[in-house]
Amino acid sequence: MTFIMYLVLFSFVLGLVAVASNPSPYFAALGLVVVAGMGCGVLVGHGGPFLSLVLFLIYLGGMLVVFAYSAALAAEPYPETWGSRPVVTYMVVYLAGVVLVSALFWGGWYESSWGSADELGEFSMFRGDMAGVALMYSAGGWMLVISAWVLLLTLFVVLELTRGLSRGALRAV
Amino acid sequence: MNPYIMALLLFGLGLGTTITFASSHWLLAWMGLEINTLAIIPLMAQHHHPRAVEATTKYFLTQATAAAMLLFASTTNAWLTGEWDIQQMSHPLPTTMITLALALKIGLAPMHSWMPEVLQGLDLTTGLILSTWQKLAPFALFLQIHPNNSTILITLGLASTLVGGWGGLNQTQLRKILAYSSIAHLGWMTLVLQFAPSLTLLTLLTYFVMTFSAFLVFKLNKATTVNSLAISWAKTPILTSLAPLILLSLGGLPPLTGFLPKWLILQELTKQGLPLLATFAALTALLSLYFYLRLSYAMTLTMFPNNLAGSAPWRFHSPQLTLPLAVSTATAILTLPLAPAAMALFAP
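Residues numbered from 1 in each chain as written. Chains lettered and ligands numbered in written order. Predicted model: local features only at pLDDT ≥ 70, side-chain atom pairs only at ≥ 80, totals over all residues. Heavy atoms only, no water.

Moving on: the UniProt feature "domain: NADH:quinone oxidoreductase/Mrp antiporter transmembrane" (unreviewed entry) in chain B. Taking the UniProt record as the reference, the feature "domain: NADH:quinone oxidoreductase/Mrp antiporter transmembrane" (unreviewed entry) is found at residues 23-287 of chain B. With 75% helix and 0% strand, residues 23-287 of chain B has its two end C-alpha atoms placed 38 Å apart. (UniProt positions renumbered as here; feature names shortened; annotations may be inferred. Helix = DSSP H or I, 4+ residues; strand = E, 2+ residues; numbered from the N terminus.)

Set out below in structure tokens:
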């Protein structure tokens, strides 16, 4: 388990480096996908399978659209990636920054920021994350209504913004 | 725009502000701010011309950044102190981050540069909504947190009054001048926020009344530059003679309403033992006063050369509704004698 967590966290940081250092949208979006997937893995490992599932479905659903869109919009014949020299420079600089920051905060970050949701999972009837979501919507049922309303509002906002593409200023490149 | 969609969006504007007002929980407050931003965006871009869409994009990016920072800070707060309540902020790090996020949201001085650019791309009605109604929800949050670092608020406030006066000096575009005037007024509100929050509220309300009148005067004259304002005097002569009073009230000259908040703020700062700060703030108000005075000069105090047809009052009455303008103009000019009542109402 420890080895898997090491692997997941390492891939998480590697994905972030890919997002930050890549000049071409292909590989940056790919890095974002890796980061999201590995973040879900971290959540599963620390007692949040339901949250992880929600994040995976919703975020990766959106991410797929972003990936397809950026791949279609910025189709380059020779996209630059980790092989080329400036990208490698960026990567080294960013990784050095990560190492520096983690060396600075090593002691403080280890204990308090690494709790898991279900340390006593055997003694409780519900999992922490599912019980939390249930509590949020039972104590604040109106929040569900408002969230649904906001989704409807967002639909109309997007429709209103993209309406009349031929005469508008907002159009595809 | 379809009237049903318009109603939906205006309802969204109201709903967002109401949710932020009513919430004591950071998550709901953030939701309210986001609803507000979402609902105004199609209203800003409703004419679909490039300037409006550019302004909308700038506004969206700024507000999204500020809202994300606010959400991040409130999660950090919950993580560090286990507390989601707005009034129970105790840790300095999230409090400072939230202060800065709200400053970005309302456009205080080091984070102000989006405000003139956005306002310049909009028509005057949407600009009015942007510089009045959209400030309400962030200010409700601003009044509720208790910043434990007084230097930040004073720096933000003084920088805003300075930049608001300085930036407006060389402008010829009315909407940019109004944006800088908004920045300067928000700076005054931030300056007194930690000493007397009720004065902040009073300043906000008087600013709303005065800027409402200024926007509606410009809208009635269909003027967005100083040039078109200078030749618009023949359209509604009485309004033209009242407009300098509105502008100088914004500038804060004594017999007018705008003097009231500045007077009370300067008095409060002096009472708190900060005479130097009060002096600086009053001096920066002079910079603002200069461009209000220049607008009054161009609009009323001189007659610019124009052809014969342009300088005679022959036009029909405007079909626009003028009652709100009449009420707000009277309030923006004449309520200084009500100062004791305002004090009793806002600072009991």
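Don't stop here, the text continues.
Residue and element names in this part refer to chain B. You can see Q144 is positioned in helix α7 (residues 133-144). Engagement of the side chain of Q144 in a polar contact is seen with the side chain of Q87, the distance being 3.3 Å. Those residues in contact with Q144 that lie beyond four places of it in its chain are S23, I86 and Q87. (Polar contact = N/O pair within 3.5 Å; in protein donor to acceptor, adjacent residues only side chain to side chain. Contact = heavy atoms within 4.5 Å.)

This paragraph deals with the packing of aromatic side chains. Residue and element names in this part refer to chain B. Applying the stated criterion to the full structure yields seven aromatic pairs over all chains. Ring centres of F259 and W263 lie 5.5 Å apart, and the angle between their planes is 10°; on these two criteria the pair is classed as stacked. Taken together, the residues span about one helical turn, with F259 and W263 both in helix α13 (residues 259-271) at a distance of four residues. Judged by relative accessible area, F259 falls into the partly exposed class, the value being 23%. On the accessibility criterion, W263 (42% relative accessible area) is partly exposed. The ring of W188 carries K262 above its face, with NZ or CZ at 5.2 Å from the centroid. (Phe/Tyr/Trp six-rings, centres within 6.5 Å; stacked < 30°, edge-to-face > 60°. Buried < 20%, exposed > 50% of the residue type's maximum accessible area, 1.4 Å probe, protein only. Lys NZ or Arg CZ within 6 Å of the ring centre and 35° of its normal.)

It is worth spelling out the side chain of B:S249 at this point. Residues and elements named next belong to chain B. For S249, the position within the fold is in helix α12 (residues 237-251). Residue S249 is classed as buried on the basis of its relative accessible area of 0%. Only 3.0 Å separates the side chain of S249 from the backbone nitrogen of G258, close enough to count as a polar contact. If we ignore the near neighbours within four places in the chain, the residues touching S249 are M210, L256, T257, G258 and A332.

On to the UniProt feature "domain: NADH dehydrogenase subunit 2 C-terminal" (unreviewed entry) in chain B. Sequence positions flagged by UniProt for "domain: NADH dehydrogenase subunit 2 C-terminal" (unreviewed entry) are, in local numbering, residues 289-341 of chain B. In this annotation, residues 289-341 of chain B is assigned 53% helix and 0% strand; the end-to-end C-alpha distance for the span is 27 Å.

For the rest of this paragraph, the subject is the packing of helix α9 (residues 174-192) of chain B against α13(B). All names here are of chain B. Relative to each other, α9 and α13 sit at 35°, their axes nearing to 10 Å. α9 and α13 meet at a crossing whose hand is left-handed. Packed against α9, whose contacting residues are H185, W188, L191 and V192, the element α13 presents K262, I265, L266, E268 and L269 at the interface. Residues that form the contact of α9 with α13 fall into these classes: six nonpolar, one polar and two charged. (Axes fitted to C-alpha atoms, helices over the stretch in contact; angles between N-to-C directions. Left-handed = near helix turned anticlockwise from the far one by under 90°. Nonpolar A, V, L, I, M, F, W, Y, C, P; charged D, E, K, R; others polar.)

Below, the discussion takes up the packing of helix α10 (residues 197-220) of chain B against helix α15 (residues 323-334) of chain B. Residue and element names in this part refer to chain B. With their axes 8 Å apart at the nearest point, α10 and α15 run at an angle of 135° to one another. Taken together, the axes of α10 and α15 are oblique relative to one another. Crossing hand, α10 versus α15: left-handed. Within the contact between the two elements, α10 uses V209, M210, F212, S213, L216, V217 and L220 and α15 uses P324, L325, S328, T329, T331 and A332. Partitioned by chemical class, the residues of the contact of α10 with α15 number nine nonpolar, four polar and no charged. (Parallel < 35°, antiparallel > 145°, perpendicular 65-115°, else oblique.)

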